[in-house]
Amino acid sequence: MMTQNIRQILQRQREFFSGGATRDIAFRKKQLILLEKIIRKNEQRIMQALFEDLRKPEFESYAAEIGILYPEIRTAAKNIHAWAKPRRVSTPVLHFLASSYVYQEPYGVTLIIGPWNYPFQLTIAPLIAAMSAGNCAILKPSELSPATSGVIAHLISEHFDPAYIAVFEGGVDETKSLLEEKFDYIFFTGGTAVGKVIMNAAARHLTPVTLELGGKSPTIVHRDAHLEYAAKRIAWGKYFNAGQTCLAPDYLLVHREIKERFINIFKKTIISFYGDDPSKSPDYARIINDRHFSRISALMKSGTIIHGGQTDPGTRYIAPTVLDNVRLEDPIMKEEIFGPLFPVISYENIEEALNIINAMPRPLALYLFTNDTKIETLVLRNTSFGGGCINDTVSHVGSTNLPFGGIGDSGMGLYHGKAGFDTFSHQRSVLKRSNLIDMKLRYPPYGKRVNLLKKLFRIIG
C-alpha cells in the first residue's frame with residue numbers, strides 16, 4: 001500500500017510539473033510567501049513539537065529552526081526573477097556570429113530527506129530552495145523526531161496540493177520504499193553511513209544528489225586567541241542543542257602554552273551558561289533517544305573527565321562534558337560525537353595541529369581562534385573542510401550569502417540563498433547561431449583545411 005501511494009503521488013507530481021505551473025515565477029513567489037505565513041502562524045506549535053522531541057529551549061528552537069528560515073524565504077522570493085533569468089555569457093571567436101546563454105531549468109520531482117537534530121529547519125530549508133527553483137517536492141521527515149514530523153506533515157497537507165508538495169512519514173521501510181522510485185533530484189541531510197546508502201540508491205536511477213553529512217569538526221585555539229571570547233563562542237556552538245549539531249565543534253586543539261588557562265575559563269563559561277547543575281537549566285536540550293544516549297555515554301570512557309560527566313538515562317540527560325588526556329586512537333576520536341562531549345588535545349606548534357586534522361576525513365566545518373593573519377592563512381591553505389569561522393563557531397550557517405555544504409566524507413553539494421536555487425536547477429546551455437552567413441570550413445570534404453584549422457586555434461588559443 002505504501003509503495004502504491006508513493007507511486008500515485010509521484011505520478012500526480014510529474015503531471016503537475018509537466019503542466020508548467022511551477023515554472024511561473026509569480027507562482028513560486030506566491031507559494032514561498034504562503035510557506036512563510038504558515039510558519040509564522042504556527043511558531044508556537046513548532047516549538048512545542050521540538051520540545052517534545054528534544055526538550056529544545058524556545059530560544060534555540062526559534063533561532064535555529066524557525067527564525068533562520070525567514071531570511072531564506074525572503075531572499076528567494078526577492079531574487080527568483082533575477083536568478084531564473086536566462087544569462088548571456090561570452091562566446092568564443094571560434095563561434096563567430098553566435099550568442100551563448102545559460103538557462104536555469106528546474107529538475108522536476110525532488111525528494112528531500114530530513115534529519116532529527118534540527119528536524120524542522122533542515123527539512124524546510126531545502127524545500128525553500130526546491131520551490132524557488134520551480135520543482136515539486138516530496139518530504140520525508142525523520143521518524144526519530146515524531147512530534148516535529150507530525151507537525152510538518154499536517155502543515156504541508158493542510159496548505160499545499162500533494163501534487164505540488166507532499167509528505168511521507170514513517171521509518172526505514174518507508175524511506176526504502178521512496179528510494180526505490182525514480183526522482184529527478186534527491187537532497188539528504190544526515191550521517192555519513194546513511195549518506196552512502198542514499199547515494200547508492202540514487203545511482204540505480206542516475207539521480208543527482210546533494211548529501212549534507214557531518215564529521216569531526218576541529219576547533220583550534222591558538223596561543224594569541226582572545227580566550228574569554230573563544231570560550232563563550234565555542235561553548236555556545238558545542239552545547240547548543242546538547243551538541244547534536246552537524247556543525248558543532250567536535251574536538252579542541254589548544255596550544256600547550258594557554259591550555260590550562262583556557263580550560264579554566266571554559267569551565268567557568270559552561271557554569272555561567274547552564275548553572276552548577278545543567279539538568280535543571282531550561283536552556284539545555286536532551287539526547288534524542290536511548291540508542292544515542294548509550295552511544296554517547298560509552299564515548300565518555302575516553303580520556304579523563306575534567307568537567308561534567310553526569311548522566312540520567314531516564315531523561316536522556318548528558319551534562320556538558322570536557323575530556324582531557326584524550327589520545328587520537330581513543331574511540332571518541334574515531335567517530336563524530338554528535339553530543340555534549342568535548343575532547344581536548346594540546347599542540348606545541350600549528351603544524352602539529354594541522355597534521356592531526358589532515359589525518360582525518362575532511363570535516364564539515366573548521367573553527368580557528370587567532371588574531372594572527374599568518375596563522376589564519378596557514379590553516380586555510382593547508383586544510384580542506386566544508387566551511388567554517390575565524391574567531392567564532394557555527395554562525396556561518398546562518399548567512400544566505402554563504403553557500404553551505406561539505407566535502408569528501410562530510411558531503412557534497414551546496415545550498416542556502418542562490419546556492420540552493422542553483423542546486424535544485426539544471427544549468428542548460430544554449431548556443432544560438434546566426435543565419436547571416438554559413439562557415440564552410442567545418443563541412444566535408446575537408447581537404448587540407450586542417451592546416452588552416454591549426455592556425456585558427458593558435459590565434460584564438
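Definitions and limits used
Residues numbered from 1 in each chain as written. Predicted model: local features only at pLDDT ≥ 70, side-chain atom pairs only at ≥ 80, totals over all residues. Heavy atoms only, no water. Helix = DSSP H or I, 4+ residues; strand = E, 2+ residues; numbered from the N terminus. Rg over C-alpha atoms; globule rule 2.2 N^0.38 Å. Buried < 20%, exposed > 50% of the residue type's maximum accessible area, 1.4 Å probe, protein only. Contact = heavy atoms within 4.5 Å. Areas by Shrake-Rupley, 256 points an atom, 1.4 Å probe, with all protein chains shown as cover. Lys, Arg positive; Asp, Glu negative; His and termini not counted. Charge placed at Lys NZ, Arg CZ, Asp CG, Glu CD. Salt bridge = Lys/Arg side-chain N within 4 Å of Asp/Glu carboxyl O. Polar contact = N/O pair within 3.5 Å; in protein donor to acceptor, adjacent residues only side chain to side chain. Axes fitted to C-alpha atoms, helices over the stretch in contact; angles between N-to-C directions. Parallel < 35°, antiparallel > 145°, perpendicular 65-115°, else oblique. Left-handed = near helix turned anticlockwise from the far one by under 90°. Nonpolar A, V, L, I, M, F, W, Y, C, P; charged D, E, K, R; others polar. Pairing = 2+ DSSP bridges. Right-handed = clockwise from strand over helix to strand, strands pointing away. Arc of directions from axis to C-beta. Phe/Tyr/Trp six-rings, centres within 6.5 Å; stacked < 30°, edge-to-face > 60°.

**Some remarks on the overall build of the protein**
Next, step 1: Looking only at helices and strands, the protein has 16 helices and 18 strands in total.
Next, step 2: Against the 2.2 N^0.38 benchmark of 23 Å for 461 residues, the protein shows a C-alpha radius of gyration of 25 Å, consistent with a compact globule.
Next, step 3: Across its three principal directions, the C-alpha atoms of the protein cover 85 × 55 × 35 Å.
Next, step 4: Counting every position in the protein, which comprises 461 residues, the buried fraction comes to 53%.
Next, step 5: For the protein, the share of sequence-separated contacts (at least 6 apart) that also reach a separation of at least 24 residues comes to 71%.
Next, step 6: With the model as given, the accessible surface of the protein reaches about 21,200 Å², and the carbon-plus-sulfur share is 55%.
Next, step 7: Separation of charge centres in the protein, based on 55 positive and 45 negative side chains, amounts to 12 Å.

**Focus: the pattern of salt bridges**
Next, step 1: Per the stated rule, a full pass over the model turns up 18 salt bridges.
Next, step 2: Note that Asp 161 and Arg 12 form a salt bridge whose closest N and O atoms lie 3.3 Å from each other. Residue Asp 161 is located in the loop between helix H7 (146-159) and strand E5 (165-167), and its partner Arg 12 is located in helix H1 (residues 2-18); the two are separated by 149 residues in the primary sequence.
Next, step 3: As a salt-bridge pair, Asp 250 and Lys 216 come within 2.3 Å of each other at their nearest N and O atoms. Of this pair, Asp 250 sits in the loop between helix H10 (227-239) and strand E9 (251-255) while Lys 216 sits in the loop between strand E7 (209-212) and strand E8 (218-221); the two residues are 34 residues apart in sequence, bridging distant segments of the chain. Note on accessibility: Asp 250 and Lys 216 belong to one class, buried.
Next, step 4: Put simply, Arg 23, Glu 105 and Arg 428 are held in one network by salt bridges that share partners.

**What to know about the side chain of Asp 250**
Next, step 1: Exposure remark for Asp 250: the relative accessible area of 3% places this residue in the buried category.
Next, step 2: Only 2.3 Å separates the side chain of Asp 250 from the side chain of Lys 216, close enough to count as a polar contact.
Next, step 3: Every residue in contact with Asp 250, bar those within four places of it in the chain, is listed here: Gly 215, Lys 216, Ser 217, Lys 238, Glu 335, Glu 336, Ile 337, Phe 338, Leu 341, Phe 342 and Pro 343.

**Overview of the packing of helix H2 (residues 25-41) against helix H6 (residues 121-132)**
Next, step 1: Axis separation between H2 and H6 bottoms out at 9 Å; the angle between their running directions is 160°. In terms of orientation, H2 and H6 fall into the roughly antiparallel class. Remark: the crossing between H2 and H6 carries right-handed chirality. The residues of H6 that touch H2, namely those facing Arg 28, Gln 31, Leu 32, Leu 35 and Ile 39, are Ile 124, Ile 128, Met 131 and Ser 132.
Next, step 2: Each residue belonging to the contact of H2 with H6 can be placed in one class, and the counts come to 6 nonpolar, 2 polar and 1 charged.

**Details of the environment of Ile 345**
Next, step 1: Checked against the element boundaries, Ile 345 lands in strand E14 (residues 341-347).
Next, step 2: Ile 345 sits in the buried class, given a relative accessible area of 9%.
Next, step 3: Sequence-wise, Ile 345 and Thr 400 are 55 residues apart; in three dimensions their C-alpha atoms are separated by 33 Å.
Next, step 4: When neighbours within four sequence positions are excluded, Ile 345 is seen to be in contact with Leu 252, Leu 253, Val 254, Val 326, Leu 328, Met 333 and Ile 356.

**Describing the packing of helix H3 (residues 43-54) against helix H4 (residues 58-67)**
Next, step 1: Direction vectors running N to C along H3 and H4 enclose 110°, while the axes themselves pass 10 Å from each other. Our classification of the angle between H3 and H4 gives roughly perpendicular. Between H3 and H4 lies a crossing whose hand is right-handed. Every residue of H4 that contacts H3 at Glu 43, Gln 44, Ile 46, Met 47 and Leu 50 is listed here: Glu 58, Ser 61, Tyr 62, Glu 65 and Ile 66.
Next, step 2: Broken down by class, the residue content of the contact of H3 with H4 amounts to 5 nonpolar, 2 polar and 3 charged.

**Some words on the pairing of strand E3 (residues 109-113)**
Next, step 1: A large share of E3 lies buried, amounting to 5 of its 5 residues.
Next, step 2: Where burial is concerned, the two faces of E3 agree: the one with Val 109, Leu 111 and Ile 113 and the one with Thr 110 and Ile 112 are both buried.
Next, step 3: Pairing of E3 with strand E4 (residues 136-140) involves 5 bridges; the strand directions are parallel. Looking at E4, one finds that Ile 113 is bridged to Lys 140.
Next, step 4: At this point the chain moves from E3, through H6, to the parallel E4, and the crossover so formed is right-handed.
Next, step 5: Note: E3 against strand E6 (residues 185-189), 4 bridges, orientation parallel. Considered in E6, the bridge of Leu 111 is made with Ile 186.

**Thoughts on helix H13 (residues 350-358)**
Next, step 1: For H13, the full list of buried residues reads Ile 350, Ala 353, Leu 354, Ile 356 and Ile 357. All buried residues of H13 project into a common sector of 160° when viewed along the axis, lining one side.
Next, step 2: Considering only its buried residues, H13 is in contact with E8, E9, E14, strand E15 (365-369) and helix H14 (373-381).

**Let's talk about the packing of aromatic side chains**
Next, step 1: Applying the stated criterion across every chain yields a total of 19 aromatic pairs.
Next, step 2: Ring centres of Phe 16 and Tyr 164 lie 5.9 Å apart, and the angle between their planes is 45°; this geometry places the pair in the tilted category. Of this pair, Phe 16 sits in helix H1 while Tyr 164 is found in the loop between H7 and E5, placing the two residues 148 residues apart along the sequence.
Next, step 3: For Phe 16, a relative accessible area of 22% puts it in the partly exposed group.
Next, step 4: Judged by its relative accessible area of 3%, Tyr 164 is buried.
Next, step 5: Taking 6.3 Å as the distance between ring centres and 40° as the angle between the ring planes, the aromatic pair formed by Tyr 239 and Phe 266 counts as tilted. Residue Tyr 239 is found in helix H10, and its partner Phe 266 is found in helix H11 (residues 259-274); the two are separated by 27 residues along the sequence.
Next, step 6: Its relative accessible area of 1% is what places Phe 266 among the buried residues.
Next, step 7: Through pairs of rings, three or more aromatic residues link up here, namely Tyr 107, Tyr 185, Phe 187, Phe 404, Tyr 415 and Phe 424.

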